[in-house]
Amino acid sequence: MNAPTPAPWGYRLRRGWDRLSIYLPIVLMGLLALGSYWLLRATPETDMPLSERPPQHEPDYFMRGFAVRSFAPDGSLRSDVRGAEARHYPDTDSTEIDQARIRTQPPGSTLTTARADRVTSNADQTEYVLRGNAVVVREAAGANRPRLEFNGEHLRVLTGERRVTSEQPVVLLRGRDQIRANTLDFREATGVALLQGRVQATLQARP
């Protein structure tokens, strides 16, 4: 009996390719799935949506070399705020001003000026925190209300309460008198200044 003649090499290659082509889509899908798995593991986690991110203390806008004025209904100047640069922070709705110069005179009140290396105000501008070479001056209003000047490295001004406070050493000038203290709480409504800590006063003789 004659042995079967082996199929030609080209025929066997074609049959092998036909068999492979049957399983090729399955193999490719497996490789694709494996590649996707490793790609997913290698990809860093995406950032949280903006709505879920914790608020960052970063300014959303700034002004440089600015001057902002507000006027009363009768046209008189109510406030004048100037500075080298101002930055607004949306997370606290506060504004920081470098090299600030402030003039304010609400109706029925005395002119008050303030300056500092940096001033921070809240959203409704009822609180000002002055840091670095801070000076607040309330001009005189008659013989019974002499000029007042507050000096320190940290002063807090509450405009609604017409109050000046500090938890750090201050110098208070009242007319020609000078008083030093570790803390200060001055209320313009009563004209009383509460001074605590090491208090030193230099009082000028009255004529």
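Our structure is the block above this text.
Residues numbered from 1 in each chain as written. Predicted model: local features only at pLDDT ≥ 70, side-chain atom pairs only at ≥ 80, totals over all residues. Heavy atoms only, no water.

A. Up close: the nonpolar core. Val119, Leu130, Val136, Phe150 and Leu155 are the most contacted members of the largest nonpolar core, which totals 23 residues. Taken together, the elements giving at least two residues each to this core come down to strand S2 (77-89), strand S3 (94-104), strand S4 (112-121), strand S5 (127-138), strand S6 (148-158), strand S8 (170-174) and strand S10 (183-187). Excluding its chain neighbours within four sequence positions, the residues that come into contact with Phe150 are Ala134, Val135, Val136, Leu155, Val164, Val171, Leu172, Leu184 and Phe186. (Core = buried A, V, L, I, M, F, W, Y, C linked by side-chain atoms within 4.5 Å. Buried < 20%, exposed > 50% of the residue type's maximum accessible area, 1.4 Å probe, protein only. Helix = DSSP H or I, 4+ residues; strand = E, 2+ residues; numbered from the N terminus. Contact = heavy atoms within 4.5 Å.)

B. Layout of the pairing of strand S7 (residues 163-166). By the alternation rule, side chains of S7 split into Arg163 and Thr165 and Val164 and Ser166, which are all buried. Pairing of S6 with S7 involves 3 bridges; the strand directions are antiparallel. Following the sheet pairing, Leu158 is matched in S7 by Arg163. As consecutive antiparallel partners, S6 and S7 are separated by 4 residues, and within that stretch Arg162 has a phi angle of approximately 50°, a positive value. Of the pairings in the sheet, the one linking S7 to S10 comprises 4 bridges and is antiparallel in character. Residue pairing for S10: Thr165 is matched across the bridge by Asp185. (Pairing = 2+ DSSP bridges.)

C. Highlighting a nonpolar patch on the surface. Together, Tyr61, Met63 and Val68 make up a nonpolar patch on the protein surface, roughly 270 Å² of accessible area in all. Note on placement: Met63 falls in strand S1 (residues 61-71). (Patch = residues over 30% accessible without salt bridge, like charges linked within 9 Å, V, L, I, M, F, W, Y side chains within 5 Å. Areas by Shrake-Rupley, 256 points an atom, 1.4 Å probe, with all protein chains shown as cover. Salt bridge = Lys/Arg side-chain N within 4 Å of Asp/Glu carboxyl O.)

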